[in-house]
Amino acid sequence: MSHDPTPRDPAGGRPSWNRRRLLGQKPPLKLREVWAIRIRLQIAERHLDLAWFNLAIDSKIRGCDLVALRVDDVLLGGPIRPRATVLQRKTGRPVQFDLTEQTREVVMRWITQGGLRSGDYLFRVGLGAAGSRSPPPLRSIAG
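For clarity, every value in this text was computed on a predicted model and none was experimentally measured.

Participant: How should I be thinking about the environment of Asn54 in this particular structure?
Facilitator: Residue placement: Asn54 occurs in helix 2 (residues 47-59). Separated by 49 residues in sequence, Asn54 and Thr103 place their C-alpha atoms 5.6 Å apart.

Participant: I'm lost on the packing of aromatic side chains in this one. Help?
Facilitator: The geometry of an aromatic ring pair is captured by the separation of the ring centres together with the interplanar angle, meaning the angle of the planes. Tallied over the full model, the rule gives 1 aromatic pair. Note that Arg38 overlies the ring of Trp35, its terminal NZ or CZ placed 5.0 Å from the centroid. One cation-aromatic arrangement involves Arg70 over Tyr121; the distance from NZ or CZ to the ring centre is 4.0 Å.

Participant: I would appreciate a short explanation of the pairing of strand 2 (residues 94-98) in the present structure.
Facilitator: Regular strands have side chains that alternate between both faces of the sheet. In terms of strand pairing, strand 1 (residues 83-87) meets strand 2 through 5 bridges, oriented antiparallel. Bridge pairing in strand 2 places Leu87 opposite Pro94. What sits between the antiparallel neighbours strand 1 and strand 2 is a turn of 6 residues, in which Gly92 has the positive phi angle 75 degrees.

Participant: Would you mind showing me how to read helix 1 (residues 31-43) here?
Facilitator: The periodicity of an α-helix, 3.6 residues per turn, causes residues three or four positions apart to be oriented the same way. Across its 13 residues, helix 1 extends 18 Å between first and last C-alpha, which sits within 8% of the 18 Å expected from 1.5 Å per residue. Residues of helix 1 that are buried include every one of Val34, Ile37, Arg38 and Leu41, and no others. Projection of helix 1 onto a plane perpendicular to its axis shows the buried side chains occupying an angular sector of 100 degrees, all on one side. Facing away from the buried side of helix 1, by more than 90 degrees, are the exposed residues Arg32, Arg40 and Ile43. Of the residues trailing helix 1, Glu45 is marked for its positive phi of about 55 degrees.

What counts as what
- Position numbers for residues start from 1 in each chain and track the written sequence from start to end.
- The predicted nature of this model means local features are confined to residues of pLDDT at least 70 and side-chain atom pairs, given and counted, to a pLDDT of 80 or more, with totals for whole chains, interfaces and linings taken over all residues.
- Based on all heavy atoms of the structure, the side-chain values leave hydrogens and waters out of the count.
- The helix count covers DSSP runs of H or I at least four residues long, the strand count covers runs of E at least two residues long, and both are numbered beginning at the N terminus.
- Side-chain rings of Phe, Tyr and Trp (the six-membered ring for Trp) are treated as a pair once their centres are within 6.5 Å; stacked means planes under 30 degrees apart, edge-to-face means over 60, and tilted covers the remaining angles.
- In this analysis the charged atom, NZ for Lys or CZ for Arg, is taken to sit over a ring once it is within 6 Å of the ring centre and within 35 degrees of the ring normal.
- Here the rule is simple: two strands pair whenever DSSP picks up at least two bridges between them.
- Expected span of a helix: the number of residues minus one, times 1.5 Å.
- Think of it in three bands: with a 1.4 Å probe and only protein chains considered, a residue is buried below 20% of the maximum accessible area for its type, exposed above 50%, and partly exposed in between.
- Arc, as used here, means the arc of the directions from the helix axis to the C-beta atoms.

If you want it as structure tokens, here you go:
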């Protein structure tokens, strides 16, 4: 009896959909990949996407917490705060993160360009079926 190493669907005899695919946690972006994405976004003058990307990289918070950021969380009167604190939705614990100078500049540009005021969400995104706010797919930013 021969052993077939290819997992097959018992119903149709086709190979499994996830054969040779990377499943689970993906490897983190390399530093050169991060900078390549930033440069592409800067050249294309995509300030919103650049603000999303920089805040995601600087803060390392979940997407649901990122979309819940409000202007008041990062803006202190006139300048952008060098450090922000967010209450995580999943754990309920506060998380502090530093904002790099580059991130502060692009976020301020976005707030000014978008006409955002105190109390507004930093990122206006569509509401999902359950009323949850969802960020744009990162693939659209990277590609």
